[in-house]
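# Coordinates in review
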Amino acid sequence: MDLIKRFRKGDRLALARAITLVENGMQEGRDLLDAVHPQTGKARRIGITGPPGAGKSTLVDGLIQSYRKAGQSVGVVAVDPTSPFTGGALLGDRIRMQSRWADRRVFVRSMATRGSWGGLAAAAADVIELLDAFGKDVVIAETVGVGQSEFDVVDAVHTTIVVIVPESGDSIQVMKAGLMEIADIFVVNKADREGAGDMETGLGAMLDMRDREEDWRPPVLQTVATSGEGMPTLIDALAQHREYLAKESRIEEWERKAVRARIVSLVHEELRAGFWKQGRQARLEQLVGEVLARERTPGDAAQALFSPA
Ligand SMILES: Nc1nc2c(ncn2[C@@H]2O[C@H](COP(=O)(O)OP(=O)(O)OP(=O)(O)O)[C@@H](O)[C@H]2O)c(=O)[nH]1
Ligand SMILES: [Mg+2]
């Protein structure tokens, strides 16, 4: 039976296969994404991001449990852009989160870096689409930090949880890292450690100082992911943000923005790939030499790449 049929029947192996195809950038994967696109747009999409080791996976584990108790099916994609170095952690993720594999309504998948960040974020967004189309009620994406690319996993989720720990420095550093802009909910995890209260207060003050006209002020919560402390409050905050989005056609605006970002990133990807295909890689090396010899400026070299040699 063909893959799309099996996927539509809810065959988990077909889902796993589909994700692999998408992850590897296979045409078959793209075809499948196209075929299932009409079935997307139903899942509740949650992003969870923050520095390495902040406790994201442990929190995701808690979220899985909570949503499963509420009778909802859950799909998780965990993205690890630094996996060559933290491969162990990734494996740990798999083992920990997939301990719920026995539960057929939970699907967890880890993805490692392939090529550029932009490519990985886009691939992760495609996996979110697949999990959505597969019929998962809740789709959670775990990522480390914020991507530098124009398209980020954050663009593909409704609600972004930013996880920090008491050791993350102070609220000014959090602001510098660009986390203020993307957070819908702040979680100060490892609240069993010293400094969680200070972090919460500092973040709260920082959020109050923003002169934004938005009517959603990201709540700052404390959790101890390992014990489940604070989890009900987090689930509550997620529900509130969902309610907020449901009002005044915010969801529609969000979707429009998400789809636009995705199309633009696909166009840019295509342009980039096409540009470097046409023997320009070799020409680039030549030009590097010329710039080093002070025969050209970098700007001049870039222009030269646009005109045929
Ligand atoms: N003390 C304490 N330890 C925690 C807490 N939450 C998680 N940890 C521990 O912190 C370590 C990292 O947790 P993970 O959930 O793997 O963190 P992560 O953010 O997913 O890590 P990466 O995916 O590698 O970036 C583990 O040893 C956890 O047991 C907490 O609330 N308190
Ligand atoms: Mg993790």
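Residues numbered from 1 in each chain as written. Chains lettered and ligands numbered in written order. Predicted model: local features only at pLDDT ≥ 70, side-chain atom pairs only at ≥ 80, totals over all residues. Heavy atoms only, no water.

### Some points on the site of ligand 1
As a structural note, the neighbourhood of ligand 1 is formed by 19 residues, with Gly 55, Lys 56, Ser 57, Thr 58 and Asp 192 the closest of them. Within the side chain of Thr 58, a nitrogen or oxygen atom sits 2.5 Å from an oxygen atom of ligand 1. At a separation of 3.1 Å, an oxygen atom of ligand 1 approaches a polar side-chain atom of Lys 190. Burial of ligand 1 by the surrounding chains reaches 77%, relative to a free accessible area of 650 Å². At the level of secondary structure, the elements contributing two or more residues to the shell around ligand 1 comprise helix H4 (56-69), helix H5 (83-97) and strand E4 (138-144). (Near = heavy atom within 4 Å. Polar contact = N/O pair within 3.5 Å; in protein donor to acceptor, adjacent residues only side chain to side chain. Areas by Shrake-Rupley, 256 points an atom, 1.4 Å probe, with all protein chains shown as cover. Helix = DSSP H or I, 4+ residues; strand = E, 2+ residues; numbered from the N terminus.)

### Overview of the coordination of the magnesium ion (ligand 2)
At this site the magnesium ion (ligand 2) is bound by Ser 57 (OG) and Glu 142 (OE), with donor distances of 2.1 to 2.2 Å. Note that Ser 57 is positioned in helix H4 and Glu 142 in strand E4, a separation of 85 residues in sequence. (Donors = N, O, S within 2.8 Å, 3.2 Å for Na, K, Ca; no water.)

### Considering empty space enclosed by the protein
Gaps left between atoms are located by rolling a probe of water-molecule size over the structure's atoms. This structure, assessed with the given rule, holds one cavity of 30 Å³ or more. Roughly 30 Å³ of volume is contained in the largest cavity. For the lining of the largest cavity, the elements supplying multiple residues, two or more each, are strand E1 (44-50) and E4. Per-element accounting of the lining of the largest cavity gives the leading share, three residues, to E1. Residues that form the lining of the largest cavity fall into these classes: five nonpolar, four polar and no charged. (1 Å grid on protein atoms, 1.4 Å probe; cavity = no way out; pocket = protein on both sides within 12 Å on 5 of 7 lines; lining within 4 Å. Points joined across faces, edges and corners; volume = space filled by probe spheres on them. Nonpolar A, V, L, I, M, F, W, Y, C, P; charged D, E, K, R; others polar.)

### Re the packing of aromatic side chains
The full count for this structure, using the stated rule, is four aromatic pairs. Look at Trp 216 and Tyr 244: their rings are 5.3 Å apart centre to centre, the planes differ by 40 degrees, and that puts the pair in the tilted class. Pair noted here: Trp 216 is in the loop between helix H9 (196-209) and strand E7 (220-222) and Tyr 244 is in helix H10 (residues 231-246), with a separation of 28 residues, a long-range link. Judged by relative accessible area, which is 13%, Trp 216 ranks as buried. Residue classification places Tyr 244 among the buried positions, given a relative accessible area of 14%. (Phe/Tyr/Trp six-rings, centres within 6.5 Å; stacked < 30°, edge-to-face > 60°. Buried < 20%, exposed > 50% of the residue type's maximum accessible area, 1.4 Å probe, protein only.)

### Observations regarding a nonpolar patch on the surface
On the surface, a nonpolar cluster with roughly 370 Å² of combined accessible area is contributed by Val 259, Ile 263, Val 267 and Leu 271. When you line up the elements, Leu 271 lands in helix H11 (residues 250-277). Taking relative accessible area as the criterion, Leu 271 reaches 58% and is therefore assigned exposed. (Patch = residues over 30% accessible without salt bridge, like charges linked within 9 Å, V, L, I, M, F, W, Y side chains within 5 Å. Salt bridge = Lys/Arg side-chain N within 4 Å of Asp/Glu carboxyl O.)

### Some remarks on helix H3 (residues 27-36)
Within the sequence span of H3, burial applies to Gly 29, Leu 32, Leu 33 and Val 36. All buried residues of H3 lie within an arc of 100 degrees about the axis, which places them on one face of the element. More than 90 degrees from the buried face of H3, the exposed residues found are Gln 27 and Asp 34. (Arc of directions from axis to C-beta.)

### Section: unusual backbone geometry
Backbone geometry at Lys 190 places phi at a positive 60 degrees, although glycine is not the residue there. In this fold, Lys 190 is placed in the loop between strand E6 (185-188) and H9. Backbone geometry places Arg 294, a non-glycine residue, at a positive phi of 60 degrees. Tracing the backbone through its elements, the reader meets Arg 294 in the loop between helix H12 (280-292) and helix H13 (298-306).

### Notes on the environment of Glu 167
Position of Glu 167 relative to the elements: it lies in the loop between strand E5 (159-164) and helix H7 (171-176). Overall, the relative accessible area of 46% leaves Glu 167 in the partly exposed class. Engagement of the side chain of Glu 167 in a polar contact is seen with the side chain of Arg 193, the distance being 3.3 Å.

### Observations regarding the pairing of E4
With seven of seven residues buried, E4 lies mostly within the body of the structure. Of the two faces of E4, the one carrying Val 138, Ile 140, Glu 142 and Val 144 and the one carrying Val 139, Ala 141 and Thr 143 are both buried. Sheet analysis places E1 next to E4, joined by seven bridges and oriented parallel. Paired with Ile 48 across the bridge in E4 is Glu 142. (Pairing = 2+ DSSP bridges.)

### Side note on the pattern of salt bridges
A complete count under the given rule lists 13 salt bridges for this structure. A salt bridge links Arg 296 to Glu 290; its shortest N-O distance comes to 2.5 Å. The class of Arg 296 is partly exposed, set by a relative accessible area of 23%.

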